[in-house]
Amino acid sequence: MARAIALSDIHGCNRTLLAMLDLLAVSKADTLYFLGDYVDRGPDSKGVIDTIWRMQSEGYQVHCLMGNHEAMTVKDYDEARLTGRADLGDAHLLSSFFARSILEVPVEYLNWMRNLPRFAEIPGYILVHAGLNFNEQDPFSNQDSLIWIRDWYNDLNREWLEDRLIVHGHTPISVEAVKTMFKRHAELPVQDIDSGAVFYTSNIYGKLCAFDLTNRALVFQPNVEYL
Ligand SMILES: [Mn+2]
């Protein structure tokens, strides 16, 4: 059966992403939703974006949202262009492009990051990198909040949300905490799926989480970047 699957916060862990796609046995009938933070921190930011582009060109259905790390990368690039500053951009991101400055990152990668949408609505779910700002009349309206907000669960408006579940990344929580949230959707209709894949030395993080939205199941792939 065709599935909708959400993943988040890959942070340059391309080998781990590929292992996860294998573990999930993703097919072209499935639809993948990536909730942002493809780049920075991990070893292969370029490789993650290349994997996404390759899959899309091969006919896989991959939808990508923006994370705050894409927004920061674009901001750094724009600032470097304006000021000539050479010290901008995450060192891991730059090394994945063999770039000495962010201005050497090919512009198609920057343009891709710049144009990513910040949330998606599909039946039963709202997908977003960081979360929603329920202090706004329209929780989708605050563009910064969608990619940056933390500690927003207390403001959740269940009447506005209706019977939907909000799925997000951005704030790493332990694998156990991801599983605990998963059991408590009736109490809190939110699922954080960032189990800190990039923090490979930790025993509480260090796994990439996939949320099978169709079958309501979690799948975890341990970080394999440095094996
Ligand atoms: Mn983030």
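Here, the structure is the one placed above.
Keep in mind that this is a model prediction, so the values were computed, not measured.

Reading the values: rules and limits
Residues numbered from 1 in each chain as written. Predicted model: local features only at pLDDT ≥ 70, side-chain atom pairs only at ≥ 80, totals over all residues. Heavy atoms only, no water. Buried < 20%, exposed > 50% of the residue type's maximum accessible area, 1.4 Å probe, protein only. Helix = DSSP H or I, 4+ residues; strand = E, 2+ residues; numbered from the N terminus. Arc of directions from axis to C-beta. Contact = heavy atoms within 4.5 Å. Polar contact = N/O pair within 3.5 Å; in protein donor to acceptor, adjacent residues only side chain to side chain. Pairing = 2+ DSSP bridges. Axes fitted to C-alpha atoms, helices over the stretch in contact; angles between N-to-C directions.

Caption draft 1: Summary view of helix 1 (residues 14-24). The set of residues buried in helix 1 consists of Asn14, Thr16, Leu17, Met20, Leu21 and Leu24. Angular distribution of buried residues about the axis of helix 1 spans 160°; they occupy a single face of the element. Summarising the contacts, the buried residues of helix 1 are in contact with strand 1 (4-7), strand 2 (31-34), helix 2 (45-57), strand 8 (207-212) and strand 9 (217-222). Downstream of helix 1 by a residue or two, Ala25 has a phi angle that is positive, lying close to 50°.

Caption draft 2: Spotlight on the side chain of Ser174. Summarising the element assignment, Ser174 is placed in the loop between strand 6 (165-168) and helix 8 (175-183). Among the polar contacts listed, one links the side chain of Ser174 to the backbone nitrogen of Ala177, at a separation of 3.0 Å. Once residues lying within four places of it in the same chain are set aside, the contact partners of Ser174 are Ile204 and Tyr205.

Caption draft 3: Region of interest: the side chain of Asn133. For Asn133, the position within the fold is in the loop between strand 5 (125-128) and helix 6 (143-148). Polar side-chain contacts of Asn133 include one of 2.9 Å to the backbone nitrogen of Asn135. Of note is the side chain of Asn133, whose polar atom sits 3.1 Å from the side chain of Ser145. When residues no more than four places from it in sequence are discounted, the contact partners of Asn133 are Pro139, Asn142, Ser145 and Ile149.

Caption draft 4: Expanded view of the sheet that holds strand 4 (residues 119-122). The sheet built from four strands is open, its strands ordered 4-5-6-7 with mixed pairing. Two strands bound the open sheet, and with one partner strand each, they are strand 4 and strand 7 (190-192). Averaged over all pairs of adjacent strands, the angle between their axes in this sheet comes to 15°, without regard to strand direction. Sheet analysis places strand 4 next to strand 5, joined by four bridges and oriented antiparallel. Across the sheet, residue Ala120 finds its bridge partner in strand 5, namely Leu127.

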